[in-house]
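Spelled out from the first residue to the last, the chains are:
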Amino acid sequence: MPRQGAPAPALAEGDRTVRGLPGVGPAVAAKLAERGIVTLQDFWFFLPLRYEDRTRLVALRDLRPGAPAQSEGRVLAVERAFRFRPTLRVVIGDGEGASISLRFFHFRSQQVQSFQVGRRVRVFGEVRPGAQGWEIVHPSYRLLEDHDEALLNDRLDPVYPQVEGLGPASLARLIGAALQQLPSSEVLEIVPAEVWSRMGMPHLRDALNTVHRPPADADVSALLAGLHPAQQRLAFEELLAHGLSLRRQRITLRRHGAFALPKAQKAVAGLRQSLPFALTTAQERVLAEVRADLSTPEPMLRLVQGDVGSGKTVVAALAAMQAVAAGRQVALMAPTELLAEQHFSNFQRWFAPFDIRVHWLAGKVTGKVRRETLACIANGEAQIVVGTHALMQAGVSFAQLGLVIVDEQHRFGVHQRLALRDKGLEGERVPHQLVMTATPIPRTLAMTAYADLDLSVIDELPPGRTPVTTVAVAADRRAELVERVRKACHEGRQAYWVCPLIEDSEEIEAQAAETTFEQLSAALPELRVALLHGRMKPAEKQDTMRRFKAAELQLLVSTTVIEVGVDVPNASLMIIENAERLGLAQLHQLRGRVGRGTAQSSCVLLYQAPLGAIARERIEVMRRSNDGFVIAEKDLELRGPGELLGTRQTGLAVFRMADLARDAALLPRVHQVAEQLLADHPYVADAVIARWVGSASRYASA
Ligand code: ADP
Ligand code: MG
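One structure accompanies this document, and this report is about it.

About the cut-offs
Residues numbered from 1 in each chain as written. Chains lettered and ligands numbered in written order. Predicted model: local features only at pLDDT ≥ 70, side-chain atom pairs only at ≥ 80, totals over all residues. Heavy atoms only, no water. Pairing = 2+ DSSP bridges. Helix = DSSP H or I, 4+ residues; strand = E, 2+ residues; numbered from the N terminus. Axes fitted to C-alpha atoms, helices over the stretch in contact; angles between N-to-C directions. Near = heavy atom within 4 Å. Polar contact = N/O pair within 3.5 Å; in protein donor to acceptor, adjacent residues only side chain to side chain. Areas by Shrake-Rupley, 256 points an atom, 1.4 Å probe, with all protein chains shown as cover. Nonpolar A, V, L, I, M, F, W, Y, C, P; charged D, E, K, R; others polar. Core = buried A, V, L, I, M, F, W, Y, C linked by side-chain atoms within 4.5 Å. Buried < 20%, exposed > 50% of the residue type's maximum accessible area, 1.4 Å probe, protein only. Contact = heavy atoms within 4.5 Å. Right-handed = clockwise from strand over helix to strand, strands pointing away.

With respect to the sheet that holds strand β21 (residues 571-576)
The strand order across the open sheet formed by six strands is β17-β22-β21-β18-β20-β19, and the pairing between neighbours is parallel. Two strands bound the open sheet, and with one partner strand each, they are β17 (469-474) and β19 (529-532). Ignoring which end each strand starts from, the neighbouring axes of this sheet average 20° apart. Pairing of β21 with strand β22 (residues 602-607), which is carried by four bridges, proceeds in the parallel orientation. Each residue of the ladder has a partner; that of M574, found in β22, is C603.

Put into structure tokens, the structure is as follows:
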């Protein structure tokens, strides 16, 4: 094969910086660099997220949720209202009875005036059910004069990821200029050409030109679906790059050693006996796997996957005991302060009888307390440290970190996990790593996303749990639910009332929860009701949580901040508003907050009618199943893996072109080619990783 053993020549051309492009001065270059665009090659591979189809006009009456479309109508009414914040609603109609609303939350008064009744408007966006029929929130739109020709585009418009501080038009112009300098296919290709010809895939140069500037005669439906050969070609190379990068990381990790942590039978048995329950068979099995890993001088990197409520925390605690008994420190990191705090109090309670010192570190620990905590961590006095992201910050240095535990790992990126691990670097040795997640990952996905992790599954719930009964109720029956909450609380139970995202803003979410809190407090004066949202001070949040846990509070009105990990077994009723707006994974996580005790628990999904097809299906899945794996498979089918894994998942989910659900069929071939490249063309592997994964892998192998 031609270029074996030599760095790919594409780098020479592609490595030229964007500074050479017309209009790119230091300020623009800095904005681009923020987004990871430094070289021309970075620009060539900065790919459209999707396309907008302005080649057609869809009649207002034919608009359906599910895909954005272009439509046209005349202004029928303009209405300014105040719903949590100023809202502008513009109703447009086709003159034959069909109409939809355009809804704006950010607007200028000049904009309001421009929508005169009768004015012709061309809009692009996706309709969804709103309070007053179909609506499009923040459509892109254009006002037309009556005599304007209704021009249609002849090709799809690419939509790029946003670059902060740079408008879409400038960005498109710069990308166009960068593409002018695309070198020949021979120079551009890194992977030996026969790999592509064998699969009948197009050349890279053609593929890039097609996805950036779809020709007028390109297959529109294939492009919109991501199935055009040009897209598949790029998706393949991207999956290949990620596959290679994960294999590299694994090889690098294996080269490091770890301190063997002997099994410490007595200490671990002591902790087990002090627990108020016996471990389930699944917990036993997973614990044995973890304990065996820890006892070897090879660094453990194990993912413990277990449905919500399966009891992962106690397995982590028993693993921690083994590390502490070996004289090593343990760090436990959780993604939210609420959850970290809960772990901290559990660990304190569990370890106190053994005189093991558990410390707390979060961002809000400041001043003298912080200095003292950092000193204890540095001199080894702190044996277990529980906290949030704050654990990874500079200034935190451990005396002898032996085990890193990361809870709800899908909330963290691979970099964050590695940053914590690197706190424990001692010469060549790294700490063992245990990562836990309640997000069940379907097999095919797990293989790709977690190729660098060993996997243990807790596939059994502790005994005595009765499955949660789930019902769906239209929002106009809210009053009945208030009665239901009253009844449950009078019977000594507790309830959650969850108000999820209405707009994509924590502030608006908090306001919605506040409004609901006021309404429910008024409707249920005899109950002790409290409010919990992300905008509250950490101390207030913790205090509210503590009082709810201690059953001083009966009803907790909250945003989705309670989604991860919160554990209050006496809570047996959950109401979720706007359930149709939430994805399956999130609904399942939320529902996992009930059904943690022995009482029969219920979850009520309140929805705004009418339901779209996908929302209906999601709600149906929730009604039928309590099994996280079934739900995850369905979620994958309905939404695709990007959202399932969380965008920061492994550094992996942030694909530019590939889509694990859509492109799953490519994976076996990708694995094959990856093995072959690593064996025969290691430099080629480096160049492919650099092109697609860039700094992520540079960091990982550092
Ligand atoms: P998750 O896996 O969702 O993190 P937790 O670790 O929070 O679950 O455990 C959920 C609840 O189940 C906790 O109250 C915990 O004490 C309890 N629990 C864990 N293991 C068992 C067991 N084997 N038997 C009974 N209860 C258990
Ligand atoms: Mg948990």
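Some remarks on the site of ligand 1
Taken together, 16 residues are adjacent to ligand 1, and G309, K312, T313, R465 and D567 come closest. Residue A278 places a main-chain N or O atom 2.8 Å away from a nitrogen atom belonging to ligand 1. Note that an oxygen atom of ligand 1 is positioned 3.4 Å from one of the side-chain N or O atoms of R596. Look at ligand 1: alone it shows 570 Å² of surface, and the protein chains cover 85% of it. Split into classes, the residues belonging to the shell around ligand 1 amount to five nonpolar, six polar and five charged.

Looking at the nonpolar core
It is characteristic of soluble globular proteins that their nonpolar side chains tend to be buried jointly. If you look at the biggest cluster of nonpolar residues, it comprises 66 residues, and the most contacted ones within it are F347, F351, L361, I384, L403, I405 and L434. The contact partners of I384, leaving out residues within four places of it in the chain, are A320, V324, V330, F347, F351, I356, R357, V358 and H359. M657, A687, V688 and W692 belong to the second-largest nonpolar core, a separate cluster that totals 63 residues.

Notes on the environment of A30
Summarising the element assignment, A30 is placed in helix α2 (residues 26-34). Note: C-alpha distance between A30 and R19 (eleven residues apart in sequence) is 9.9 Å.

A few points about the pairing of β21
In terms of burial, β21 is largely enclosed, as six of its six residues are buried. As judged from the five bridges shared by strand β18 (residues 494-498) and β21, these two strands associate in the parallel manner. Across the sheet, the residue bridging to Q494 is A571, located in β21. Taken together, β21, helix α21 (residues 584-591) and β22 constitute a β-α-β crossover, and its handedness is right-handed.

Side note on the sheet that holds strand β15 (residues 432-437)
The pairing of strands in a sheet comes from backbone hydrogen bonds and takes either a parallel or an antiparallel form. Read from one edge to the other, the open sheet built from seven strands follows the order β12-β13-β11-β14-β15-β10-β16, with strand pairing classed as parallel. Unpaired on one side and paired on the other, β12 (358-361) and β16 (454-458) mark the two borders of the sheet. Averaged over all adjacent pairs, the angle separating strand axes in this sheet is 20°, with direction ignored. Inspection of the sheet shows strand β11 (residues 329-333) paired to strand β14 (residues 401-406) by five bridges, in the parallel sense. Considered in β14, the bridge of L332 is made with I405.

Details of the environment of A235
Mapped onto the elements, A235 comes out in helix α10 (residues 229-255). Of the residues examined, A235 reaches a relative accessible area of 0% and is grouped as buried. Distance from A235 to R656, taken between C-alpha atoms, is 8.1 Å for residues 421 residues apart in sequence.

A closer look at the environment of Y141
Tracing the backbone through its elements, the reader meets Y141 in strand β8 (residues 140-144). The spatial distance from the C-alpha of Y141 to the C-alpha of G125 is 8.6 Å, given a sequence separation of 16 residues. Leaving out residues up to four positions away in the same chain, Y141 has contacts with F104, Q111, F115, V121, R122 and V123. A polar contact is formed between the side chain of Y141 and the side chain of Q111, at a distance of 3.2 Å.

Regarding unusual backbone geometry
A negative phi angle is the norm for most residues apart from glycine, just as the trans form is the norm for most peptide bonds. In the Ramachandran plot, D355 falls in the positive-phi region, its phi being about 55° despite a non-glycine side chain. Within the secondary structure layout, D355 lies in the loop between α14 (337-351) and β12. For N578, which is not glycine, the phi dihedral falls at a positive 50°. Here N578 is to be found in the loop between β21 and α21. Relative accessible area serves as the criterion here: at 13%, N578 is assigned to the buried category.

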